[in-house]
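# A closer look at the structure
Chain by chain, the residues:
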Amino acid sequence: MSLQGTAAMVTATSGSFIASHWSSINRATFNIDWYLLEHDHKGDKKCFAVFSLHVHPRKNDTSVKNVIGHRWRTFMCMCNQQRARMSANDALLARSLAHVWNPCTQMKQHDTWPMVPIARGEGAWLYDLEGRRYLDAISSWWVNLFGHCNPRIGGPLSEQLHTLDHVMLAGFTHPPVVELSERLSALAPRASDARLRAGGGPLGHASYGSDGASATEIALKMAFHYWRNRGQPSKQRFIALAGSYHGETLGALSVTDLAVFRDAYAPLLKVPLLVPAPGPASAMPCCADCTIDALAALEAALERCAGSIAAMIVEPLVQGASGMRMYHPDYLAGARALCTKHGVLLIADEIMTGMGRTGTMFACEQAGIQPDFLCLSKGITGGYLPLSVVLTTDEVYDAFYDDSSARAFLHSHSYTGNPLACRAALATLDIFAQDDTIVANRARSAALTARAQQIAVHPHVRNFRNLGMIWAFEVDCADPAFGRRLFTAALERELLLRPIGNTVYFMPPYILDDAQVAHLVDGTLDALNTVLEG
Ligand SMILES: Cc1ncc(COP(=O)(O)O)c(C=O)c1O
């Protein structure tokens, strides 16, 4: 006989209940795996226990089975009584911990650091199951552009839901994917200066994936295959910037230079040619000399290795995951010119920087460049559904256009070009057009920057910087748990921040009103002071 318990939760005051049952069950032949965490929730100390009981009675011993069965039922009955008394938040957390393996998380950290249950979103706010709210200052991992549950996206999406849910894109096509491809092609960056242009016309061909990393995979594979089809199969390697982040699937991780993500999988990964990023994190925003030095290093690398390099991949203007490292558009322009000169394709990973985040629709516009590949995801659907796209030129497209399947780009995902995701993206583009969002964001950005001066001059704050709708700064604090403590202190002030180490950043949706800006700045300062004093 084997029984498995569901999650149970008891308060600290009933600790004796746990202790007595734990020992009585333990004396019997039960094996109990359990999990205990304590946390402060509105000042209450709670004892949170998930019990999983595997019962292994002696063979053919029915009396033992009966005793165990009886004890089990009594135990579960008492647990359920306790459970009835636990809060809705805690009940969801218990169920989540029992079965959900969260992304990018050492699950054991939740022994001491409760995750945040969220029931609904509205505008810039996220609400838990008991009505507590948090201002989403990081747009839910940089995806949400126009607030949660925005009817201007939800409305068209629900119409699409009743029109066409999904059809495979191989051998089929549909209105949302066609319209989206046309509109993105028309919006994509173009360069007036021929040196800063991709070789083969505008970015007129859209290939679809789901998350950001799948766009990176598409761009890397396409660049590699392009050279193969062009009779230069030795061009196989990629150049990436030091501190780069392009996603966590194996190909994307190969061009990612963050040890925390990369090291465990290093034996599985290709090794990129890393070139220095234009400016160390300690000298933000990046200086003119940094740009010159970094371009010199890139040129030297290209002179040495261009014959084996398929493409260079960059996060234009802001290296996000390595700590919102901002650099000058001159670097991007210089890198484009050098790639063109040395016959190397340029992949602009605008998965984070695209869709208005840096103050222009695409960061590449600020450098006046056109890449050979433009990768988009995250905000493209306004934060509603997973979708990514890689835009490329006629020249690349034509290299695959042939009678032979071996020369085709045989890459697909089941949900490629999903109509619902494309519809959400179209609704997002409609909001950009109707509200002139790029222009309107200039005033929003200036207002938040002005309000945040109190943070910029804080004695423990360094490198306060802003580009478009991104703000970041470093905090002088030796405590290795600084980020986690600030996260918790911010939550207590109805604010969702998620520092990267000692770098604190804001990447809010493009809808904050004055009161929300004040809430963000005042809450951050207050949380910061509390953490620094503690
Ligand atoms: C620049 C960049 N590229 C790629 C990715 C990967 O996107 P996803 O997490 O959707 O796979 C990210 C995610 O943060 C990113 O910032």
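Calculation rules
Throughout this document, residue positions are counted from 1 along each chain, in the order its sequence is written. With the structure being a predicted model, the display of local features is reserved for residues of pLDDT at least 70 and the display and counting of side-chain atom pairs for 80 or more, all residues being used for whole-chain, interface and lining totals. Numbering of helices and strands runs from the N terminus; a helix is a DSSP stretch of H or I covering at least four residues, while a strand is a stretch of E covering at least two. Here the contact rule is simple: place C-beta atoms from the backbone, and any two residues whose C-beta atoms are within 7 Å are in contact. The criterion for a residue being near a molecule or strand is a backbone-placed C-beta atom within 6 Å of that molecule or strand. Ten residues, namely Ala, Val, Leu, Ile, Met, Phe, Trp, Tyr, Cys and Pro, are considered nonpolar, four, namely Asp, Glu, Lys and Arg, are considered charged, and the remaining ones, Gly among them, are considered polar. Three exposure classes are used, all based on how many other C-beta atoms lie within 10 Å of a residue's own C-beta (placed from the backbone): buried at 20 or more, exposed at 12 or fewer, and partly exposed between those limits. Confidence scores here are pLDDT values: one per residue, from the predictor, ranging 0 to 100. All axes are obtained by fitting lines to C-alpha atoms, using only the stretch in contact for helices, and the reported angles, taken between N-to-C directions, cover 0 to 180 degrees. Here the word oblique covers every angle except those under 35 degrees (roughly parallel), over 145 (roughly antiparallel) and from 65 to 115 (roughly perpendicular). Crossing handedness is defined as follows: a turn of the near helix away from the far one that is anticlockwise and smaller than a right angle gives a left-handed crossing, while the clockwise case is right-handed. Here, strands pair whenever DSSP counts at least two bridges between them. By this rule, a helix spans an expected 1.5 Å times one less than how many residues it contains. Regarding the arc, it is the one traced by the directions from the helix axis to the C-beta atoms.

### Section: the overall build of the protein
If you tally the helices and strands in the protein, you get 18 helices and 19 strands. Relative to all contacts within the protein whose residues are 6 or more apart in sequence, the contacts with residues 24 or more apart total 73%.

### Some points on the site of the ligand
Taken together, 14 residues are adjacent to the ligand, and Asp211, Gly212, Ala213, Gly247 and Met352 come closest. With three residues, the single largest contributor to the shell around the ligand is helix H7 (residues 212–229). Among the residues forming the shell around the ligand, the class breakdown is five nonpolar, six polar and three charged.

### A word on helix H17 (residues 482–492)
Buried within H17 are the following residues: Gly483, Leu486, Phe487, Ala489 and Ala490. Where H17 is buried, its residues contact strand E18 (495–496), strand E19 (503–506) and helix H18 (514–533). Positive backbone phi, at 60 degrees, marks glutamate 494, one or two positions downstream of H17.

### Re the environment of alanine 213
Structurally, the position occupied by alanine 213 is in helix H7. Separated by 163 residues in sequence, alanine 213 and leucine 376 place their C-alpha atoms 10.0 Å apart. In this structure alanine 213 touches Gly247, Glu248, Thr249 and Ala252, once residues within four positions along its chain are discounted.

### Looking at the confidence of the model for the protein
For the protein, per-residue confidence averages 88 on the pLDDT scale, and residues scoring 70 or more make up 83% of the total. Long-range and interchain partners of residues 1–55, a stretch whose pLDDT sits below 50, account for 96 contacts in this model, where long-range means more than four residues apart.

### Digging into the packing of helix H6 (residues 175–187) against helix H14 (residues 419–435)
Relative to each other, H6 and H14 sit at 40 degrees, their axes nearing to 8 Å. Classified by the angle their axes make, H6 and H14 are oblique. Here H6 and H14 pass one another in a crossing that is left-handed. Residues Pro176, Val177, Glu179, Leu180 and Arg183 of H6 touch H14, and the partners they reach there are Pro419, Cys422, Arg423, Ala425, Leu426 and Leu429.

### Focus: the pairing of strand E15 (residues 388–392)
With five of its five residues buried, E15 lies for the most part within the structure. Where burial is concerned, the two faces of E15 agree: the one with Ser388, Val390 and Thr392 and the one with Val389 and Leu391 are both buried. Direction of pairing for strand E7 (residues 205–209) relative to E15: antiparallel, over a ladder of five bridges. Pairing of alanine 206 across the sheet is with leucine 391, part of E15.

### Some words on the pairing of strand E8 (residues 237–241)
In terms of burial, E8 is a largely internal element, four of the five residues being buried. The pairing of E8 with strand E10 (residues 309–314) spans four bridges and is classified as parallel. Note that in E10 the partner of arginine 237 across the bridge is isoleucine 309. Relative to strand E9 (residues 273–275), E8 is paired through three bridges, and the arrangement is parallel. Its bridge partner being in E9, alanine 240 is matched across the sheet by leucine 274.

### A few points about the sheet that holds E18
If you trace the four strands from one edge of the open sheet to the other, you get E4-E5-E6-E18, paired in mixed fashion. Since the sheet does not close on itself, it has two edges, and those belong to strand E4 (120–122) and E18, each with one partner. In the sheet, E4 pairs with strand E5 (residues 125–127) via three bridges, with the strands oriented antiparallel. Among the inter-strand pairings, glycine 121 is bridged to a residue of E5, identified as leucine 126.

### A closer look at helix H3 (residues 88–99)
Along its 12 residues, H3 runs 17 Å from first to last C-alpha, staying within 8% of the 16 Å computed at 1.5 Å per residue. Among the residues making up H3, those that are buried are Asp90, Leu93, Ala94 and Leu97. End-on view of H3: buried residues confined to an arc of 100 degrees, all on one side of the axis.

### Description of the environment of arginine 493
Looking at where arginine 493 falls in the secondary structure, it is placed in the loop between H17 and E18. When the 18 C-beta atoms within 10 Å are taken as the criterion, arginine 493 is described as partly exposed. Linking arginine 493 and tyrosine 134, residues 359 residues apart in sequence, is a C-alpha distance of 8.0 Å. If near-sequence neighbours (up to four positions away) are discounted, arginine 493 is found in contact with Gly523, Asp526 and Ala527.

### Re the packing of helix H15 (residues 437–451) against H18
Contact geometry for H15 and H18: axes closest at 10 Å, N-to-C directions at 35 degrees. Seen from above, H15 lies across H18 with right-handed handedness. Touching Ala447, Leu448 and Arg451 of H15 are Val517, Ala518 and Val521, all from H18. Split by residue class, the contact of H15 with H18 holds five nonpolar, no polar and one charged.

### A closer look at the sheet that holds strand E14 (residues 373–376)
Strand pairing within a sheet occurs via backbone hydrogen bonds; the two strands may be parallel or antiparallel. Pairing is mixed in the open sheet, where seven strands are placed in the order E7-E15-E14-E13-E10-E8-E9. Only two strands of the sheet have a single neighbouring strand rather than two, namely E7 and E9. Averaged over all neighbouring strand pairs, the angle between strand axes comes to 20 degrees, with direction disregarded. Note that E10 and strand E13 (residues 345–349) share four bridges and pair parallel. By the bridge assignment for E13, isoleucine 313 is matched with isoleucine 347. Contacts from helix H10 (residues 288–305) reach E8, E9 and E10 within the one sheet, and its direction differs from that of E9 by about 155 degrees.

### Thoughts on unusual backbone geometry
Within the chain, leucine 317 stands out as a residue other than glycine whose phi angle is a positive 70 degrees. As for its position among the elements, leucine 317 is in the loop between E10 and strand E11 (318–319). Accessibility expressed as a C-beta count within 10 Å gives 30 for leucine 317, which makes it buried. Even without a glycine there, the phi angle at glutamate 494 is positive, about 60 degrees. Structurally, the position occupied by glutamate 494 is in the loop between H17 and E18. Since 14 C-beta atoms lie within 10 Å of it, glutamate 494 is described here as partly exposed.

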